[in-house]
Amino acid sequence: MALIDLTHRITAGMTTYPGLPGPRISDHISREATRERFGPDVAFQIGEISMVANTGTYLDSPFHYHGDADDLASLPLERTADLPGLVVAPPAGRRGLTAADLDGLDVAGRAVLVRTGWDRHFGTPGYAAPDHPFVAADAVDALIAGGAVLAGIDAVNIDDMADPARPAHTRLLAAGIPIVEHLTGLDRLPAEGFRFHAAPAPVQGMGTFPVRAYAVV
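Scope of this entry: the structure provided in the associated data block. (Residues numbered from 1 in each chain as written. Predicted model: local features only at pLDDT ≥ 70, side-chain atom pairs only at ≥ 80, totals over all residues. Heavy atoms only, no water.)

With that settled, consider the overall build of the chain. Along its length, the chain carries three helices and 13 strands. Against the compact-globule benchmark of 17 Å for 217 residues, the chain has a radius of gyration of 19 Å, which places it among compact chains. Overall, the chain is about 65 × 40 × 35 Å in size when its C-alpha atoms are taken along their principal axes. Burial statistics for the chain: of 217 residues in total, 46% are counted as buried. A separation threshold of at least 6 residues defines the contact pool for the chain, and within that pool the share at least 24 residues apart is 74%. (Helix = DSSP H or I, 4+ residues; strand = E, 2+ residues; numbered from the N terminus. Rg over C-alpha atoms; globule rule 2.2 N^0.38 Å. Buried < 20%, exposed > 50% of the residue type's maximum accessible area, 1.4 Å probe, protein only. Contact = heavy atoms within 4.5 Å.)

Okay, the sheet that holds strand β4 (residues 58-60) next. Taken together, nine strands build an open sheet; the order of strands is β1-β13-β11-β5-β7-β9-β10-β4-β12 and the sheet is mixed. Pairing within the sheet leaves two strands with one partner each, and these edge strands are β1 (3-5) and β12 (208-210). With strand direction ignored, the average angle separating the axes of adjacent strands in the sheet is 30 degrees. Inspection of the sheet shows strand β9 (residues 150-153) paired to strand β10 (residues 179-181) by two bridges, in the parallel sense. Looking across to β10, one finds that alanine 151 is bridged to isoleucine 179. Across the sheet, helix α3 (residues 167-174) touches β4, β9 and β10, and the angle it forms with β10 is around 145 degrees. (Pairing = 2+ DSSP bridges. Axes fitted to C-alpha atoms, helices over the stretch in contact; angles between N-to-C directions.)

This part takes up the side chain of threonine 55. Following the sequence through the fold, threonine 55 ends up in the loop between β3 (46-50) and β4. A residue is classified by how much of its surface remains accessible, and threonine 55, at 2% relative accessible area, is buried. At 2.7 Å, the side chain of threonine 55 and the backbone oxygen of valine 52 are in polar contact. (Polar contact = N/O pair within 3.5 Å; in protein donor to acceptor, adjacent residues only side chain to side chain.)

All right, on to the environment of tryptophan 118 then. Its place among the elements puts tryptophan 118 in the loop between β7 (111-114) and β8 (134-135). In sequence terms tryptophan 118 and tyrosine 214 are 96 residues apart; their C-alpha atoms lie 18 Å from each other. With sequence-adjacent residues up to four places away left out, tryptophan 118 is seen in contact with Gly126, Tyr127, Ala129, Asp131, His132, Pro133, Asp154, Ala155 and Val156.

Where helix α2 (residues 137-146) contacts α3, the axes come no closer than 9 Å and their chain directions differ by 10 degrees. In this view, α2 runs roughly parallel relative to α3, as classed from their interaxial angle. Residues Ala137, Val140, Asp141, Leu143 and Ile144 of α2 pack against Pro167, Ala168, Arg171 and Leu172 of α3. Looking at side-chain class alone, the contact of α2 with α3 contains seven nonpolar, no polar and two charged residues. (Parallel < 35°, antiparallel > 145°, perpendicular 65-115°, else oblique. Nonpolar A, V, L, I, M, F, W, Y, C, P; charged D, E, K, R; others polar.)

With that settled, consider the packing of aromatic side chains. Scanning the model with the defined rule gives two aromatic pairs in all. Between phenylalanine 38 and phenylalanine 44, the ring centres sit 5.7 Å apart and the planes meet at 45 degrees, which makes this aromatic pair tilted. Among the residues examined, phenylalanine 38 registers a relative accessible area of 43% and is labelled partly exposed. Relative accessible area serves as the criterion here: at 33%, phenylalanine 44 is assigned to the partly exposed category. Taken together, a centroid distance of 5.2 Å and an interplanar angle of 80 degrees make the contact between phenylalanine 122 and tyrosine 127 edge-to-face. (Phe/Tyr/Trp six-rings, centres within 6.5 Å; stacked < 30°, edge-to-face > 60°.)

The next subject is the environment of threonine 15. Mapped onto the secondary structure, threonine 15 falls in the loop between β1 and β2 (24-29). The spacing of threonine 15 and arginine 166 is 151 residues in sequence and 22 Å in space, taken between C-alpha atoms. Residue contacts for threonine 15: discarding those within four places in its chain leaves Phe122 and Gly123.

A few words now on the nonpolar core. Grouped together as the largest cluster of nonpolar side chains are 29 residues, with contacts concentrated most on Val88, Leu97, Val135, Leu143, Ile158 and Leu172. Listed in part, the 21 residues of the second largest apolar core include Ala111, Val180, Leu186 and Leu189. (Core = buried A, V, L, I, M, F, W, Y, C linked by side-chain atoms within 4.5 Å.)

Here we come to the pairing of strand β5 (residues 83-88). Across the six residues that make up β5, a large majority, five, are buried. In terms of strand pairing, β5 meets strand β11 (residues 192-197) through three bridges, oriented antiparallel. Opposite leucine 83, over in β11, you have phenylalanine 196 as the bridge partner. Two strands pair when backbone bridges link them, and β5 and β7 are joined in this way by four bridges, in the parallel orientation. When the sheet's bridge partners are listed, valine 87 is paired in β7 with leucine 113.

Given below as structure tokens:
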């Protein structure tokens, strides 16, 4: 058995999605302060972080796009943890994953992870370039019809950011299928035969939150 981390590390000031502020990370209680209070043999730290929910590798719950749907707190754990995984990829030279790329694949009950290699640009201006990869609308419909339980991608957005209709977010989340964006390291996974985990903290009234995404192979 091998554990494969598929998560970008969260660091102070990092850029995840263009235009969103990076996290601020600091001590709420420092080791020096606790030594002064408890003596030289006792030192601990309580950290403090301020960030937008769309930071690092994160999960979108249905509430992100649909206010009457499951938020992070009500999203069933069965939708985010210990899922049989499947890795798919668009052909080289094509941006969008289409329904044809899913022909003959059994997506039912699976976390379908779209490997594009775009994670190599993470943290650079090129990550949000207009030619970023995405999942096309017909592939979205195929995932829903096929019974996928989660969709993920190693790119800046599962939708083409030039398309204001956002079909992947709108339709997948309406179908109760959570989305994990900004994955990394999908090239280390086999096409199938692994379990995928990406459970967020159960924050009530929020639609997105960072996850520690990983695979058990």
